[in-house]
Amino acid sequence: MRMVKRFLPHSALTAYPEGSRFQSSGLLQGGRLFDKTVHPLAAYLGLLLILSSLAVVAAAGLHYAEEITLARDKLRQNPWGEVFFLSGLFFVVINGSILIWRIVLFRRYRPVEACVDESLPRCTVIVPAYNEGRQVMGTLLSLARSDYPREKLQLIAVDDGSVDDTWTWIMRAKRELKGRVQAIRLPKNQGKRHALYAGFKRSEGDVLVTVDSDSEVEPDTLRKLVSPFVVNEQVGAVAGNVRVLNGREGLIPRMLDVTFLYSFDFIRAGQSMVNTVMCTPGALSAYRRGIVEEVMEEWVRQTFFGQPANIGEDRAMTNLILRAGYHVHFQQDAYVYTQVPIRYKNLCKMFLRWARSNIRETIVMSRFAFRRFRKGPMLGARINLLTGWMSMCLGPVFWAVTFAHLLAAPSIYSFQILSGIVISTSLPAGLYCWRRGSLEGLWAYLYGIFWFLALSWITPYALLTPHKSGWLTRQVKQRTRPVPQRVAARAVDAIRPAPAATARFSPHAQSRL
């Protein structure tokens, strides 16, 4: 019971005493979710193993130097082979230079110190949910126990036309939290963007926070997430730090936890230093109300190839905020823990959705990034954008050519590919081992192989099908009763964009359920 008291508010304790069958997917799993214990021995052992792996690669390279040289000379005898070799060399030099630049930025990054209660702004947290089931209650409970002044915190849950029992769990959370949750039920599924839009229209806060319904936050997450808005008026959006909630459910979550730490603690930390985090994650992001008011109608009406844009709402909002001249920062110590796929099929769907969104929004950002879109330096934003284009377009080409050479000369190129994987994944592995004090960082090596063999097809396929939309996940076969007409009528305003000429927030635009 001690562990339950540590995580849940009083209302939840009285509703679910010790021995209860109810368990939030993350909050009640062994009490380890928020364990920040660092094990120095494991950290040093992990770094030693990583250095040993690099030493083995170097020694093997020296041993097979003659064979590698012969293969390289044979490749360069062909004109296309010469082009591939020189392009690859250029690619390595550019990426190496960018890596050094990012390391410098990473070393300089520091999160903003959390503000005191008196300085905190009024905050609205919006949780869109679709076929999420009981996990949405775990999300709302974690938000309700936040170390944030209760009178300054508004919680909104939006059921985006779910066909399972999501609405039941939202209403249960509303009862247990004694009305702290405002519930909106849309009559049919419109997509996450429209669910957030409905929440925005009901919001009252000066800072708008979005949290995915499969995610849970730490008690101090909201306080730390909104603090950058208080100390810097130029900040228009803040990205939270995403970790894996279900990391003990298989190999895929374990590997993703390592890649998430690298993506956020290293990549986004560097992007924050140049005031241009490229994407505020759907799992946890915060936006300044004034700028959301300016771009909300354009955002909800966005199209691609003439069709409504149903994916990439987080990256789209980020682009609009950047285009308006605001900074987008990363708050490293504002943690959120999110559910990730445990099966290969679902992982591919998630990555394919992300890849298509990345293609679309990279095109959008390119339309304004090379203009004077804000005051102050913009070089860092442009470097990150060009790096994204290079990885998106040249990466698949190098992968295809490398795979062809692997089939032609497996004995030589298999070693070179494996060496490349070890070298490229050593930084994420080392960063995880050092930051988390855990040998789990070594999963980065397995993920590198897994990506090359089983996931590297996703970007090329996304480049061929960027026009396709759809959430691709959370589909259920079982359907519940349709939404009553009375409820449907009361939710119509929540999904209908306001006329562009009079676009504004209206906290009372819809009657409250």
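The structure this text deals with has already been given above.
Small disclaimer: the values here were computed from a predicted structure and weren't measured.

The next thing to look at is the sheet that holds strand β2 (residues 153-159). Strand order across the open sheet formed by 8 strands is β3-β2-β1-β4-β7-β6-β10-β5, with mixed pairing between neighbours. With partners counted over all chains shown, the strands left at the sheet margins are β3 (181-185) and β5 (215-217), one partner each. The average undirected angle you get between the axes of adjacent strands in this sheet is 30 degrees. Bridge count for β2 against β3 is 5 bridges, and the pairing is parallel. Paired with aspartate 159 across the bridge in β3 is arginine 185. Along the sheet, helix α6 (residues 135-144) makes contact with β1 (123-129), β2, β3, β4 (207-211) and β5, crossing β5 at roughly 15 degrees. Helix α7 (residues 166-176) rests against β1, β2 and β3 of the sheet, and its axis sits at about 160 degrees to β3.

Under the 1.5 Å per step criterion, the end-to-end length of helix α16 (residues 443-455) is only 16 Å for 13 residues, more than 12% shorter than the ideal 18 Å. Burial in α16 covers these residues: Ala444, Tyr445, Tyr447, Gly448, Phe450, Phe452, Ala454 and Leu455. Packed against the buried residues of α16 are α3 (40-63), α10 (251-273), α13 (344-366), α14 (379-408), α15 (410-436) and α17 (458-464).

A separate point is the packing of aromatic side chains. Tallying each qualifying case throughout the model produces 14 aromatic pairs. Centre to centre, the rings of phenylalanine 200 and tryptophan 299 are 5.7 Å apart; their planes meet at 45 degrees, and the pair counts as tilted. Taken together, the residues phenylalanine 200 in helix α8 (residues 192-202) and tryptophan 299 in helix α11 (residues 289-300) connect sequence positions 99 residues apart. Classification of phenylalanine 200 by relative accessible area gives buried; the value is 1%. You can call tryptophan 299 buried: its relative accessible area is 2%. Members of the aromatic cluster, connected to one another through ring pairs, are Tyr109, Phe260, Phe264 and Phe330.

The next thing to look at is the packing of α6 against α7. At a minimum axis distance of 8 Å, the contact between α6 and α7 shows a crossing angle of 30 degrees. Between α6 and α7, the angle is such that the two are roughly parallel. Regarding α6 and α7, the two cross each other, and that crossing is right-handed. Taking contact as the criterion, the partners of Val136, Met137 and Leu140 in α6 are, on α7, Thr166, Trp169, Ile170, Arg172, Ala173 and Glu176.

Here we take up the packing of α10 against α16. Where α10 meets α16, the axes come as close as 9 Å, and the angle between the chain directions of the two elements is 105 degrees. The angle between α10 and α16 falls in the class roughly perpendicular. Residues Leu251, Arg254, Met255, Leu256, Val258 and Thr259 of α10 form the contact with α16, whose own contacting residues are Trp443, Ala444, Leu446, Tyr447 and Phe450. Split by residue class, the contact of α10 with α16 holds 9 nonpolar, 1 polar and 1 charged.

Next up on the list: unusual backbone geometry. Excluding glycine, residues mostly carry a negative phi; peptide bonds, for their part, are mostly trans. A positive phi is found at asparagine 131, a non-glycine position, where the angle reads about 55 degrees. As for its position among the elements, asparagine 131 is in the loop between β1 and α6. Overall, the relative accessible area of 8% leaves asparagine 131 in the buried class. Phi angles above zero are rare outside glycine, and asparagine 275 is one such case at about 60 degrees.

Tallied over the full model, the rule gives 15 salt bridges. Of the charged contacts in the structure, one is a salt bridge between aspartate 220 and lysine 224, with a shortest N-O distance of 2.8 Å. On the basis of relative accessible area, lysine 224 is assigned to the buried category, the value being 15%. Connected through salt bridges with shared partners, the residues Asp117, Asp147 and Arg223 form a single ionic network.

Together, Leu45, Leu48, Leu49 and Leu439 line one region of the surface with nonpolar side chains, adding up to about 320 Å² of accessible area. Checked against the element boundaries, leucine 49 lands in helix α3. For leucine 49, a relative accessible area of 36% puts it in the partly exposed group.

What counts and how
Residues numbered from 1 in each chain as written. Predicted model: local features only at pLDDT ≥ 70, side-chain atom pairs only at ≥ 80, totals over all residues. Heavy atoms only, no water. Pairing = 2+ DSSP bridges. Helix = DSSP H or I, 4+ residues; strand = E, 2+ residues; numbered from the N terminus. Axes fitted to C-alpha atoms, helices over the stretch in contact; angles between N-to-C directions. Contact = heavy atoms within 4.5 Å. Expected span 1.5 Å × (residues − 1). Buried < 20%, exposed > 50% of the residue type's maximum accessible area, 1.4 Å probe, protein only. Phe/Tyr/Trp six-rings, centres within 6.5 Å; stacked < 30°, edge-to-face > 60°. Parallel < 35°, antiparallel > 145°, perpendicular 65-115°, else oblique. Left-handed = near helix turned anticlockwise from the far one by under 90°. Nonpolar A, V, L, I, M, F, W, Y, C, P; charged D, E, K, R; others polar. Salt bridge = Lys/Arg side-chain N within 4 Å of Asp/Glu carboxyl O. Patch = residues over 30% accessible without salt bridge, like charges linked within 9 Å, V, L, I, M, F, W, Y side chains within 5 Å. Areas by Shrake-Rupley, 256 points an atom, 1.4 Å probe, with all protein chains shown as cover.

Note that every value here comes from positions in space, so none of it alone points to a role or purpose.
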